[in-house]
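Here is what each chain is made of, one letter per residue.
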2 protein chains.
Amino acid sequence: MTFEVTILGCGAATPSGRHNPSAQMVNVHDKLFLVDCGEGTQMQMRKYRLRFQRVNHIFISHLHGDHFFGLPGLISTFSLLGRQSKLHIYGPPALKEIIDVTFQHSETYLEFALEFHPVSDKKKMLLMEDETLEVYSIPLKHRIPCTGFLFVEKQKPLKIKKEKISEYRLTPLQIIELKKGNDVMSAAGQPLLAAEMCMPREKARSYAYCSDTMYWEKLAADIFQVNLLYHEATFLTTEEERAKKTFHSTALQAAKLATIAETKQLLLGHFSSRYTHQHHFLDEALTAHANVLLADEGLTFQVG
Amino acid sequence: MTFEVTILGCGAATPSGRHNPSAQMVNVHDKLFLVDCGEGTQMQMRKYRLRFQRVNHIFISHLHGDHFFGLPGLISTFSLLGRQSKLHIYGPPALKEIIDVTFQHSETYLEFALEFHPVSDKKKMLLMEDETLEVYSIPLKHRIPCTGFLFVEKQKPLKIKKEKISEYRLTPLQIIELKKGNDVMSAAGQPLLAAEMCMPREKARSYAYCSDTMYWEKLAADIFQVNLLYHEATFLTTEEERAKKTFHSTALQAAKLATIAETKQLLLGHFSSRYTHQHHFLDEALTAHANVLLADEGLTFQVG
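Definitions and limits used
Residues numbered from 1 in each chain as written. Chains lettered and ligands numbered in written order. Predicted model: local features only at pLDDT ≥ 70, side-chain atom pairs only at ≥ 80, totals over all residues. Heavy atoms only, no water. Helix = DSSP H or I, 4+ residues; strand = E, 2+ residues; numbered from the N terminus. Buried < 20%, exposed > 50% of the residue type's maximum accessible area, 1.4 Å probe, protein only. Polar contact = N/O pair within 3.5 Å; in protein donor to acceptor, adjacent residues only side chain to side chain. Contact = heavy atoms within 4.5 Å. Domains from an automatic or database assignment. Pairing = 2+ DSSP bridges. Axes fitted to C-alpha atoms, helices over the stretch in contact; angles between N-to-C directions.

**Student:** Tell me about the side chain of H142 of chain A, and please be specific about residues and values.
**Tutor:** All names here are of chain A. Within the secondary structure, H142 sits in the loop between β8 (133-139) and β9 (147-153). H142 gets classed as buried once you look at its relative accessible area, which sits at 8%. Polar contacts involving the side chain of H142 include one to the main-chain carbonyl oxygen of F247, which spans 2.9 Å. If we skip the residues at most four places from it in the chain, H142 touches H62, H64, D212, T213, T246, F247 and H248.

**Student:** Mind laying out the domain arrangement of chain A, listing which residues take part and the relevant values?
**Tutor:** Domain assignment breaks chain A into domain 1 (3-156 + 202-302) and domain 2 (162-197). Centre-to-centre separation of domain 1 of chain A and domain 2 of chain A, based on C-alpha positions: 44 Å.

**Student:** Can you explain the sheet that holds strand β3 (residues 31-37) of chain B? Please cite residues and give values.
**Tutor:** Backbone-to-backbone hydrogen bonds join strands into a sheet, with any given pair of strands oriented parallel or antiparallel. Residue and element names in this part refer to chain B. Within the open sheet, the 7 strands sit side by side as β6-β5-β4-β3-β2-β1-β16. Their pairing is mixed. Either end of the sheet is taken by a strand with one partner, and the two such strands are β6 (114-118) and β16 (300-302). Between one strand axis and the next, the sheet turns through 20 degrees on average, direction left out of account. Where β3 lies against strand β4 (residues 55-59), 4 bridges are found, and the strand directions are parallel. Looking across to β4, one finds that F33 is bridged to H57.

**Student:** Describe the environment of L50 of chain B, with residues and values.
**Tutor:** Residue and element names in this part refer to chain B. Its place among the elements puts L50 in the loop between α1 (41-47) and β4. Remark: the alpha-carbon pair of L50 and L32, spanning 18 residues in sequence, is separated by 9.0 Å. Discounting chain neighbours no more than four positions away, the residues touching L50 are T6, L8, M25 and M45.

Have a look at this one:
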């Protein structure tokens, strides 16, 4: 089943011409979730041919403009294109006021329902779930209230090995229990072990988006053992003081955090426009984590 | 002296991938004026290498998103790039609230002064002037309060023909009067005519931006005999009913208005995304006006 992340923008606040401001599309089992929405995100979605009317949930990390200035335009476009399905937006409480004031004065009346879910930055919270997925907010440490987002695939029921059904004449009730992972007894009083009757369990995958934040070890607990971690790396170590002052991270700090959190893969992004050669971010992070990737507009990364 | 218009966006509200939302840069004697600022305008300015820190005056026609959603991002970028010079913004009164709410919640503190000038849509008004230029607002007729903008070069002083200075031994005082267009007397009592002593007067040029508006003949008086008129042409005549209903114009209506206003050149823009072949706009308008141009992103049009 699909679980992937497409980068729409991975630049920091000051535009560079090289990168777009923050935005990415998370695809979980062909459901699309937009994470952050910097200016121009709708153009990026069009450029990369993402079917953005299929987005029903948008997550905004914080209210610095490079993470949400594309949102009013995207909502307007949804409306102009005749959207009818409900749109859920998760973000800092004040985002609702910004959206309301903007649309009030432009006399824009949406034809679809827009449900706003205020997100607190105080503790990890379950924001939404459906049959296959849970999405959590994760507190980050930035200049203004800011959260990351954690996408966790739900544990799927076990699959019975087909040949076992006839071999042991499994009843529907026995199958239901075995799929839950419970051992059962056969009619003859023989123990039937779930581990033998079923295929090995597929591991549930997880993806964490952490931008913007300073280096903060406490974060590791909230994203422990995620398969893929997008962690901001605004600066290199040469600018470590500046990173601290502006509540951002260096590539090395991102890698250290990923190692403490036992993250399988680390994806770096939110690059400052002062750097022209992005491979320095990779070189630096590889000294502290074995599996590092560099974000870039249009790239899609598999979670697994 | 330079007087030209560079198109940054000339599409209507629904994005097409073909055009950007409304924005254009007016260059009058190397001073840059931004007119409207749809989403992505700062990226367009960068793409066309316009030195946008030189923009000190921004004019917003109305509060439909495709005309101003790029403004918060542009202001933020000005600030991030260390701008210090004052920025003047002219637009509907409610624009100030939108800007204030947005920056309040993002805790953005600008290092430069931002002066907001509320614009009424009730009558033509002088918004600003300097030694070479006057800018007026012009009432338009749209679904929400909306104004166009008129850029008028000031009448320049006459230039004395150099050879006349020695020939008639003109004194500084005589030169000052002649430059104003006044005739003077020589020391010998001979009348010296400004028309003979001076080069022919260069005609002051003018540019009018009219988007968005329905066909409205009263507008002609406010833009009478402008050299270049940008008039919206969202639709073709086949969609005339729709144009009326949405308070937009057809290409033919734009041309009729330009003819009534005795406009030298007509520049069409604000094209609906439903049309793929823009030459239909040209064909239609040419039936009612002799000199028609089609806007497109990146094109620069001379005013004269």
